[in-house]
Amino acid sequence: MADDEEPPMAIQIQPDIKTLSAEESTDTVSVGVTVITGYLGAGKSTLVNYILNGKHGKKIAVILNEFGEEIGVERAMINEGEGGALVEEWVELANGCICCTVKHSLVQALEQLVQRKDRLDHILLETTGLANPAPLASILWLDDQLESEVKLDCIVTVVDAKNLRFQLNERRDSSSFPEAFNQIAFADTIIMNKVDLISQAESDELEKEIHSINSLANVIRSVRCQVDLSNILDCQAYDSTHVSRLESLLEANKSLTTTDLHDSGVRTLCISEPQPINLDKVRLWLEEILWDKKMDMDVYRCKAVLSIQNSDQMHILQAVKEIYEIVPGRKWGEEDNRVNKIVFIGHKLDEEVLKTGLRKCRP
């Protein structure tokens, strides 16, 4: 195992930890969950160690998912912060992978963690090196079982700046090629790690390539994953009341659309519609695209600001694979340009088909 993949250290959990009563838990705020993904060796565990050992004053739990020769075991660790102890609890799952097949086990693990919610500020979920983040997002974002005790905060992908281009190119010889693209396409934040191993010009070119796949993601360059934690904790990427960054990105919507630089066909596409649209028609149109894969389009992520007829509120659309949500946000201001702007990140996106479909959502 490479040095940067060494797991964080922990000690045994103490049995007398206070848990929250049902009455207490209803009055507390949901705990944010940051999903950390990336290829093996990219530096995910380095990032986890950096967070656990940092002097940030936060109480952070980590669910580590690893493959081993024995039955898969997740280690749920709670960092008490400076002056406190690292504690550990073992939660055994059906296999070593966090995905829809072990959904109920993951939910159970998270529920056990939030029983100590008075001790937690945030939860980190580190996935295996080849995990697709989409099933995790569906569990954490809109899963009724968790009853809003935890919420998806953001998806962070760690990439190895030295080897990323090879990982993107190896698709030509491998049936598993989408993983590197998936991890970039689903990310809210991308940490371009090990930039000290490549030149400035190579870093600039790599960042451009990352943005060609996902124009919405915030790209951070790092050495040994030493990053400003405000960029990866409490990002509120899935909070409909926290859309200022999305609004500012969509203002420059033309620059978000990318050409298809790869034979994978993964790209970002932004379309707009100046007329107000009908909410029911939008839902039917989205379901055609997300559920029925209209014209063989495969949408990984979708974000939008919508102008809905007979409503003075901006509506926010977010989608991860087949799951989507449209919720009212803030009121439109007098100076606002009430235009529908939708960003799609996906495979085989057809701009004309999407534009025509959105236009048909007019009342």
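Residues numbered from 1 in each chain as written. Predicted model: local features only at pLDDT ≥ 70, side-chain atom pairs only at ≥ 80, totals over all residues. Heavy atoms only, no water.

1. Side note on the overall build of the protein
Moving on, step 1. Along its length, the protein carries 11 helices and 14 strands.
Moving on, step 2. Within the span of the protein, comprising 363 residues, buried residues form 55% of the whole.
Moving on, step 3. Taking contacts inside the protein between residues at least 6 apart in sequence as the whole, the part at least 24 apart equals 75%.
Moving on, step 4. Of the roughly 16500 Å² of accessible surface on the protein, 48% is carried by carbon and sulfur atoms. (Helix = DSSP H or I, 4+ residues; strand = E, 2+ residues; numbered from the N terminus. Buried < 20%, exposed > 50% of the residue type's maximum accessible area, 1.4 Å probe, protein only. Contact = heavy atoms within 4.5 Å. Areas by Shrake-Rupley, 256 points an atom, 1.4 Å probe, with all protein chains shown as cover.)

2. Some details on the pairing of strand S12 (residues 313–320)
Moving on, step 1. With respect to burial, S12 is a largely interior element, 7 of its 8 residues being buried.
Moving on, step 2. Both strand S11 (residues 298–307) and S12 contribute to a ladder of 7 bridges, which runs antiparallel. Within S12, the position partnered with Lys303 by the bridge is Gln318.
Moving on, step 3. Across 7 bridges, the pairing between S12 and strand S13 (residues 323–331) is antiparallel. When the sheet's bridge partners are listed, Ile316 is paired in S13 with Val327. (Pairing = 2+ DSSP bridges.)

3. Description of the packing of aromatic side chains
Given two aromatic rings, their pairing is described by the distance between the two centres and the angle made by the two planes.
Moving on, step 1. On inspection of all chains with the given rule, the structure shows 4 aromatic pairs.
Moving on, step 2. Arranged with centres 5.7 Å apart and planes meeting at 55 degrees, the rings of Trp141 and Tyr238 form a pair that is tilted. One end of the pair, Trp141, is in helix H4 (residues 133–142); the other, Tyr238, is in the loop between strand S9 (218–221) and helix H8 (244–251), with 97 residues separating them in the sequence. Tyr238 matches Trp141 in its accessibility class, with the two residues each being buried. (Phe/Tyr/Trp six-rings, centres within 6.5 Å; stacked < 30°, edge-to-face > 60°.)

4. A few points about the side chain of Ser311
Moving on, step 1. Here Ser311 is to be found in the loop between S11 and S12.
Moving on, step 2. Here Gln313 takes part through its backbone nitrogen, which lies 3.1 Å from a polar atom of the side chain of Ser311.
Moving on, step 3. Excluding anything up to four places from it in sequence, Ser311 contacts Trp332 and Arg338. (Polar contact = N/O pair within 3.5 Å; in protein donor to acceptor, adjacent residues only side chain to side chain.)

5. A word on unusual backbone geometry
Moving on, step 1. Its identity as a non-glycine residue notwithstanding, Cys225 has a phi of 55 degrees, on the positive side.
Moving on, step 2. Looking at where Cys225 falls in the secondary structure, it is placed in the loop between S9 and H8.
Moving on, step 3. Positive phi, close to 55 degrees, is recorded for Gln236, a residue that is not glycine.
Moving on, step 4. Within the secondary structure layout, Gln236 lies in the loop between S9 and H8.

6. What about the pattern of salt bridges?
Moving on, step 1. In total, this model carries 14 salt bridges according to the counting rule given.
Moving on, step 2. A salt bridge links Lys355 to Glu351; the shortest N-O distance between them is 3.4 Å. Of this pair, Lys355 and Glu351 are both found in helix H11 (residues 351–359), 4 residues apart, which corresponds to roughly one turn of the helix.
Moving on, step 3. Residue Glu351 is classed as partly exposed on the basis of its relative accessible area of 26%.
Moving on, step 4. Overlapping salt bridges, with partners in common, bring together Lys293, Asp298, Lys321 and Glu322 in one network. (Salt bridge = Lys/Arg side-chain N within 4 Å of Asp/Glu carboxyl O.)

7. Let's talk about the sheet that holds S13
Moving on, step 1. Across the sheet, 5 strands lie side by side as S10-S14-S11-S12-S13; this open sheet has antiparallel pairing. Looking at strand neighbours, the two that pair on one side only are strand S10 (266–273) and S13, the edges of this open sheet. On average, each strand axis in the sheet is inclined to that of its neighbour by 10 degrees, with strand direction left out of account.
Moving on, step 2. Sheet analysis places S10 next to strand S14 (residues 340–347), joined by 8 bridges and oriented antiparallel. The partner of Ile271 across the bridge, within S14, is Ile342.
Moving on, step 3. This element, helix H7 (residues 200–213), spans S10 and S14 of the sheet and lies at about 55 degrees to S10.
Moving on, step 4. Contacting S10, S11, S12, S13 and S14, H8 runs over the sheet at an angle of about 95 degrees to S11. (Axes fitted to C-alpha atoms, helices over the stretch in contact; angles between N-to-C directions.)

8. Here's the deal with the environment of Arg301
Moving on, step 1. Within the secondary structure layout, Arg301 lies in strand S11.
Moving on, step 2. Exposure remark for Arg301: the relative accessible area of 4% places this residue in the buried category.
Moving on, step 3. Between the C-alpha atoms of Arg301 and Asp188, which are 113 residues apart in sequence, the distance is 10.0 Å.
Moving on, step 4. Here Asp188 takes part through its side chain, which lies 2.9 Å from a polar atom of the side chain of Arg301.

9. Observations regarding H11
Given 3.6 residues per turn, any residue in an α-helix points the same way as the ones three and four places further on.
Moving on, step 1. Taken together, the buried positions of H11 are Val353, Leu354, Gly357 and Leu358. Projected down its long axis, H11 carries its buried residues within an arc of 130 degrees, all on one side.
Moving on, step 2. The elements touched by buried residues of H11 are S10, helix H10 (279–290) and S14.
Moving on, step 3. Measuring from the side-chain oxygen of the N-cap residue of H11 to the backbone nitrogen of Glu352 gives 3.2 Å; that N-cap residue is Asp350. (Arc of directions from axis to C-beta.)

10. Digging into the nonpolar core
Moving on, step 1. Core analysis: the biggest nonpolar cluster contains 77 residues, and Leu47, Ile123 and Ile232 have the highest contact counts within it.
Moving on, step 2. Sorting elements by how many residues they give to this core places strand S7 (residues 150–160) first, with 7 residues.
Moving on, step 3. In contact with Ile123, other than residues within four places in its own chain, are Val31, Gly32, Val33, Thr34, Ala61, Leu110, Leu113, Val114 and Val150.
Moving on, step 4. Among the nonpolar cores identified, the runner-up in size contains 25 residues, and Ile271, Val353, Leu354 and Leu358 belong to it. (Core = buried A, V, L, I, M, F, W, Y, C linked by side-chain atoms within 4.5 Å.)

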